[in-house]
Amino acid sequence: MVQPVTGGSTDSRIIAECGLIRPPLLEWLWSNGVWFALWGPFHCLSSFFLDPVRLVSKVYARSIQGFQGSQMTWINYNGLFLTSNSSDFAFGFSTTDDVTRFVLNIVHLGSSKVIWSANRGSPVSNSDNFIFGEDGKVSLQKGGDVVWAADTGGKRVSAIEMLDSGNLVLLGNDTTVLWQSFSHPTNTLISNQDFVDGMKLVSDPNPNNLTHILEIKSGDMILYAGFQTPQPYWSVQKESRIIINQGGGNVDVASLRGNSWRFYDGNKVFLSQFIFSDSVDANATWIAVLGSDGFITFYNLDENGSASQKKIPSDPCSRPEPCEAHYVCSGNNVCQCPSGLRTRSNCQTGIVSTCDGSHDSTELVSAGDGLTYFSLVFLPPSSKTNLEGCKSSCQSNCSCLAFFFQNSSGNCFQFSNIGSFQNSKAGPSFMAYIKVLSGGGSGSNAGGDGGSKKSFPVVVVIVIATLIAICGLLYVAFRYHRRKKKMPESPLETSEEDNFLETLSGMPIRFSYLPLPPTSSPLGSRLYSSFFKSVSGEGTSSGPSDCNSDAYLSSVQLSGPR
C-alpha cells in the first residue's frame, strides 16, 4: 500500500513507482496527508492523465514494490528521472558512443556536460534497471548482476535527492546524508566541491588504454599516468603559475571557487590558488575535467560549457603520451621517431615483455641526444652510479625497458613502462637508452642511412627478379605466336563465302582437295585412273573438256547403278 509523505520541505516529491510530480493541488494533499482512499491503487494512472509540471527532485521508497526503472521507463524525458529544484542538474540514463548502451549520470542540462557517472566502465542496455528497493538499497543492475551500488555502510536509504549544487545525496530516516556523489567523483570536479585526501579523479582510457589520475597525497596534489608503476607529470608544488597566499603548508583540500582553483591545508587555511580564467564572475559555475588526453580542462557551465584557454599542464609535450610510446614530442605536438629507433620497424623496440620467460636476447641502444622524460623531475632516482653501472643494472633487470642517466649527478632512472620522450630545452642533460630485441636493427645511433643501405640490395634483387619473370613471359608468348602463324591452314576449313555459294542452285562445285582413289573395286580404280589421266605434271587439269571425252562417258555408263 502507498503511504503519504508528511512533513519536510515543499520540494517536488513522489512515491517511487511513478517518476512524475503531482499538480499543485494533489501535491498539497499528498504532503499534508490528506488523501482519497482510492488514490493509492490508481495514483500512477492519474499522473498519466494530469500532465506533470516537471521531473522530481526527490524520491521516497515507501512502497511495497520499491522504485525501479530503466532508460525505457523515462524515455520521454531522455532517460532522466530526477532534477534539481533549479532545473540545472538532472540524474538518469544518458547514451554513450554506442547508442544502444547507457550510463547512469548527473548532467548539467544547460551545457549537457556530465559531472558524475555511476558505471562508466560497464554501460547497460535500455532495459536494465536502476533500483531503489524497499530494503533501502540503491543500485544499478545489468542482466541481474549489480554493476554499481551506493555504499551506505549498511544503513537504509529513505530518500534520494538531486541538489541545486549538482550533488546527488542519499538520505537516512533522520535526513542525514548517508552517501553523496561529491565524495565519490569520477573525472570531474564542480564549483564548491571539496577534493580531499583519499579521493581520486580518473580519466577515461586513451586509445592505448592508459588512464590519468589526480589525487592528493603527502601534502601535494599530483597528476600521474596510470602505468603499473605510476609516473607523475604535474603537481601543485611544482606548478610555476601558482599564486602563493600563505606558503609552507601541506595541500589537503582543493576546491573550485570563482575563476580559480584554491588549495587549503587540513584546517581550511587558504594556501595558494591557480587562476584559470580572466572572468571576474565570482558566482560562475565551473568544472574541472580530467580528459583521456591527460589534460585538466576548465569549462564554464554558465556559458554553455565554454572552455578556458589555460590547461594543466601548460606544456602539451609534458603529458605521458602526446605521441606514441618512444616517439619524441617537440613544439606543438610534433612527433618524431628518435634516431636510435629509426632503423627498426615502426619505431618499435620489438619487446612486449622481457619478464615472460622468453629467451630472446636484448640490447640497449641510445635513443639519441637532447632528450628528457616527463616524469624525471617528480621521481627519485633508481640508483646513483656511472653510465656503465646504469646500463648493467637495466640489462639485468627484465622489467627495465628504458633508463635515463645524468652525468653531472650520477642519477640513474629506470622505467618499466615508457610513454613519449621530450626534446630537452636545457640541452642534453640526460642520456637515454632503450632496450630492444637484438638483431632487429643496426644498433646505436645508426640513423636513417644505415636502414637505407641495408634495404637497398633487397629492393634491387626483387626488381631484377620481377623484370626477368616479365621478360620470360613475353618471350614465351612471342614464340607461341610465331609457331602458330607458320602452321598450314587446315584443309577442312572453309570460308563463309564458300558455304554461301554452295547453297545456290546451278553453281559449280568447288573442290578444295584431290579426292582419294576409290579402292573398293577394280572398276572404281580404273574409272579414277581414266578420269584423271589428263592431269599434268604441274598439278593442273585439262578442265571440263575432259569430262566430254568418250573414255569418260563410257566409264560413267559402265559404273552405273549396281
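Everything below is about the structure printed above this text.
Computed from a prediction, not measured in an experiment: that's the story for all the values here.

Some details on the sheet that holds strand β5 (residues 89-95)
Taking strand neighbours across the sheet as the criterion, the 4 strands line up as β4-β5-β6-β7 in an open arrangement whose pairing is antiparallel. For this open sheet the edge positions go to β4 (80-83) and β7 (113-117), each flanked by a neighbour on one side alone. Shown here is a sheet whose adjacent strand axes are inclined to one another by a mean of 35°, direction ignored. As paired elements, β5 and strand β6 (residues 102-108) share 7 bridges and run antiparallel to each other.

Things to note about the pairing of strand β13 (residues 177-180)
Bridging between strand β12 (residues 168-171) and β13 involves 3 bridges; their strand directions are antiparallel. Among the inter-strand pairings, Leu170 is bridged to a residue of β13, identified as Trp179. Between β12 and β13, which pair antiparallel one after the other, the connecting turn spans 5 residues, and Thr175 there sits at a positive phi close to 65°.

Observations concerning the state of the cysteines
By definition, a disulfide links the sulfur atoms of two cysteines through a covalent bond. Counted under the stated rule, the structure contains 5 disulfides. Two residues share a disulfide in this structure: Cys390 and Cys412, whose sulfurs sit 1.9 Å from each other. As the torsion about the S-S bond is roughly 70°, the Cys390-Cys412 disulfide counts as right-handed. Taken as a pair, Cys390 in helix α3 (residues 387-396) and Cys412 in strand β33 (residues 411-415) lie far apart in primary sequence, 22 residues in all. According to the relative accessible area criterion, Cys390 is buried, its value standing at 0%. On the accessibility criterion, Cys412 (0% relative accessible area) is buried. A sulfur-sulfur separation of 2.0 Å characterises the disulfide bridge that pairs Cys394 with Cys400. In this structure the cystine formed by Cys394 and Cys400 twists about its S-S bond by roughly -95°; its chirality is therefore left-handed. Taking the relative accessible area as the measure of exposure, Cys394 reaches 0% and is therefore buried. What makes Cys400 buried here is its relative accessible area of 1%.

Rules of the game
- Residues numbered from 1 in each chain as written.
- Predicted model: local features only at pLDDT ≥ 70, side-chain atom pairs only at ≥ 80, totals over all residues.
- Heavy atoms only, no water.
- Pairing = 2+ DSSP bridges.
- Helix = DSSP H or I, 4+ residues; strand = E, 2+ residues; numbered from the N terminus.
- Axes fitted to C-alpha atoms, helices over the stretch in contact; angles between N-to-C directions.
- Disulfide = S-S within 2.5 Å.
- Buried < 20%, exposed > 50% of the residue type's maximum accessible area, 1.4 Å probe, protein only.

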